[in-house]
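# A look at the structure
The residues making up each chain are set out below.
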Amino acid sequence: MDSETQKNCIETAKDESIDFDERCRAMDEIQDESVIYEIARNDSFWPIRAHGAKNITSEEMLAEIALNDPNYNVRFEAIQKIDNQEIFRQLLKKEKFWRIQEYLIKRIDDIGFLMECANENASRDICEDILIKIRDLNYFSFVKLLDSQYSTDLRIRACKYVRHDYFLNEIITFDNPKELKLEAIKYITALCYLEDIVAYQDLDIAKIAISKMKKDNLKYVIRRCQNPHTRREICKLIDDDDALGIIAHEDSDFEVRMIAVSKLKNQEILFGIASYDFNNAIRQKAISRLTDQDALKEIALYDLDSNMRLNAVARLTDEKALCKIVLNDSNIHVSLLAAEKIHDENLLKSIVLTSDWGFGDNDQVYSKLRMGAVKKITDEKILSDIALNSQSFDVRLNAVSKIHDSEKLYNIIQNEFSQPIIDRAIENVTDEAILEKLVREGYIDVSESLDRLSDENFLVNIVLGDESIELKTKALNGIKNEMNLTHIVCMCDDWQIRRKAIEKIEDEAFLLDVCCNSNYDDVLFAAVERIKSEDILVRVIYSASNAEVRKSALLKISDKSVLKDLAQNDKDDEIRAIAKEALS
């Protein structure tokens, strides 16, 4: 190509106003690399610069472009044409774009440089690619990156790519930063190393190792473990009762033993610990896990420590055993708790009625126990037995207070010697036949019983008896039946009661009966005064034997035929005269 054509191509390639494709074709015709280099370095349009780099063969020129061009596409175009390790090293130290960094790492073969670069860039993402490249080139060189001469950040990143647990275990075994150990343990899988780590490392590191082990392995490694905090974590994960039993018996740390006991389910092992362990807190925890009633009964009845008995009673449900404890335990608190758990009323009765109590200073407390038992009983037959047989005044009084069967109460009243208890029993009697019997037998004063009695025959007897006017009046107030009232009016010898009784009679037929049968003048005239019906008054005139009563009745009638008959036929002269006068 002649010089004129070259000149035209150069001018076209440099002219930024010309179309991109035309400029690229012109650049492809240029033979002088220095001209192309000048365009690749100075053109404002990066695709032109990139096309120029594609046409350059000089690695020195390409290196300048790769090191200095602001556009990563141009730099990448130049780098792809370089094959010089020294230039690659220079570029990697300066390059910031991840895609170019990744390409350079793939091209560099100098392990020493890569190791140096990894250490310098340990906190950058590029470090990951460098580590993989070193490992793939020479694994033993890669492992050297774990040495303490390299930064902790680099060593932490390198742990992820180590292929052998041995090297990772070395990091944990020797005196290295804790954060490095915590990273290394993440990638160990060999059981032998994990067991050693659990046995000898601190809790944070051991926890990660524990999480990577099967539960069956943990029950063996716990015996080798020196750190009690680690043993506690392991113990929380063990489910094997045999292993937990050994730990509970043998471990030197109280908390480890407590955790083991709290996870135990085997009742035989728990019973052994609850019965014989030297530590009371461990024994109490074992008792709290017991469900076997025979084991709990054994401890509740025979253990020498009252606190252990108390804990066993709290879980015991056998009420016969609980009753035995109430009656025989030397500790009142144990007895009280046992009594609270009993609901069988026959057993409660035996507690209340037993005489085998430690009275004296504790009598008040034992009384509380008996009273609590009475409070839970509802069967009135049992309450009646207690009321009849207990030696305690308070017990008998409370038992009687809960009884409402009048027959049972009557039986108690007949056998009781304490008046307050008799009074309480009488208060609960509701059967009137029993109340009347109690009145007749003198247990109840008549005046106290009237408000509770509705049997009018009984009340009539009181009114007609020898009681005080006040008592008779009170009894009379309870009588509503007018036949009974009529009987009182006719038979009572107390004029005040007779007058009160007649005032309560409304039925004039009964008032007629009074006029005909009463021997008391006061009520005869009162009866006539209360009669309004002329028919009844006529019957009084014809039937009454008392002349004065007949006269009073006659004065209140107006029937002419009756008056005429009386005026003509009555045997009493005064009656005839009054009748005649009424007719005139």
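Every value quoted in this text rests on a predicted model; they were computed, and no experiment measured them.

### Observations concerning helix 20 (residues 254-263)
Three or more residues of helix 20 are buried, namely Val-256, Arg-257, Met-258, Ile-259, Ala-260 and Val-261. Of the surrounding secondary structure, the elements contacted by the buried residues of helix 20 are helix 18 (228-237), helix 19 (241-250), helix 21 (267-276) and helix 22 (280-289).

### Details of the confidence of the model for the protein
The predicted model of the protein averages 86 in pLDDT, with 95% of residues at 70 or higher. Every residue in residues 356-361 is under pLDDT 50, and counting partners more than four places away or in other chains gives 10 contacts.

### Details of the packing of helix 12 (residues 152-159) against helix 14 (residues 178-185)
Taken N-terminus to C-terminus, the directions of helix 12 and helix 14 make an angle of 10°; their axes are 8 Å apart at the nearest point. Relative to helix 14, helix 12 is oriented roughly parallel. Mapping the contact onto sequence places Thr-152, Arg-155, Ile-156 and Cys-159 in helix 12 and Glu-179, Leu-180, Glu-183 and Ala-184 in helix 14. Its residues assigned to classes, the contact of helix 12 with helix 14 comprises four nonpolar, one polar and three charged.

### Regarding the side chain of Lys-219
The residue Lys-219 is located in helix 17 (residues 215-221) in this model. A polar atom in the side chain of Lys-219 sits 3.3 Å from the side chain of Asp-240. Not counting residues within four places of it along the chain, the set of residues in contact with Lys-219 comprises Ile-238, Asp-240 and Ala-243.

### Regarding the nonpolar core
The biggest cluster of nonpolar side chains holds 145 residues, and the ones touching the most others in it are Ile-134 and Phe-142. Among the elements that make up this core, the one with the highest residue count is helix 9 (residues 111-120) (six residues). Among the nonpolar cores identified, the runner-up in size contains 43 residues, and Ile-462, Val-514, Ala-527 and Ala-553 belong to it.

### Quick word on the pattern of salt bridges
Opposite charge on two side chains makes pairing possible when the charged atoms of those side chains draw close. What the rule picks out here adds up to 36 salt bridges. Note that Asp-196 is salt-bridged to Arg-224, the shortest N-O span being 2.6 Å. Pair noted here: Asp-196 is in helix 15 (residues 191-200) and Arg-224 is in the loop between helix 17 and helix 18, with a separation of 28 residues, a long-range link. Between Asp-318 and Lys-297 there is a salt bridge, and its shortest N-O distance comes to 3.6 Å. One end of the pair, Asp-318, is in the loop between helix 24 (306-315) and helix 25 (319-328); the other, Lys-297, is in helix 23 (residues 293-302), and 21 residues separate them in sequence. Accessibility expressed as a relative area gives 26% for Asp-318, which makes it partly exposed. A single network of salt bridges, built from pairs that share partners, joins Glu-86, Arg-89 and Asp-110.

### Re the packing of helix 21 against helix 23
Relative orientation of the contacting elements helix 21 and helix 23 amounts to 5°, with a least axis distance of 10 Å. Between helix 21 and helix 23, the angle falls in the class roughly parallel. Residue-level contacts link Phe-271, Ala-274 and Ser-275 of helix 21 to Ala-295, Glu-298 and Ile-299 of helix 23. Looking at the contact of helix 21 with helix 23 residue by residue, the class counts come to four nonpolar, one polar and one charged.

Cut-offs used in this document
- Residues numbered from 1 in each chain as written.
- Predicted model: local features only at pLDDT ≥ 70, side-chain atom pairs only at ≥ 80, totals over all residues.
- Heavy atoms only, no water.
- Buried < 20%, exposed > 50% of the residue type's maximum accessible area, 1.4 Å probe, protein only.
- Helix = DSSP H or I, 4+ residues; strand = E, 2+ residues; numbered from the N terminus.
- Contact = heavy atoms within 4.5 Å.
- pLDDT = per-residue confidence, 0-100.
- Axes fitted to C-alpha atoms, helices over the stretch in contact; angles between N-to-C directions.
- Parallel < 35°, antiparallel > 145°, perpendicular 65-115°, else oblique.
- Nonpolar A, V, L, I, M, F, W, Y, C, P; charged D, E, K, R; others polar.
- Polar contact = N/O pair within 3.5 Å; in protein donor to acceptor, adjacent residues only side chain to side chain.
- Core = buried A, V, L, I, M, F, W, Y, C linked by side-chain atoms within 4.5 Å.
- Salt bridge = Lys/Arg side-chain N within 4 Å of Asp/Glu carboxyl O.

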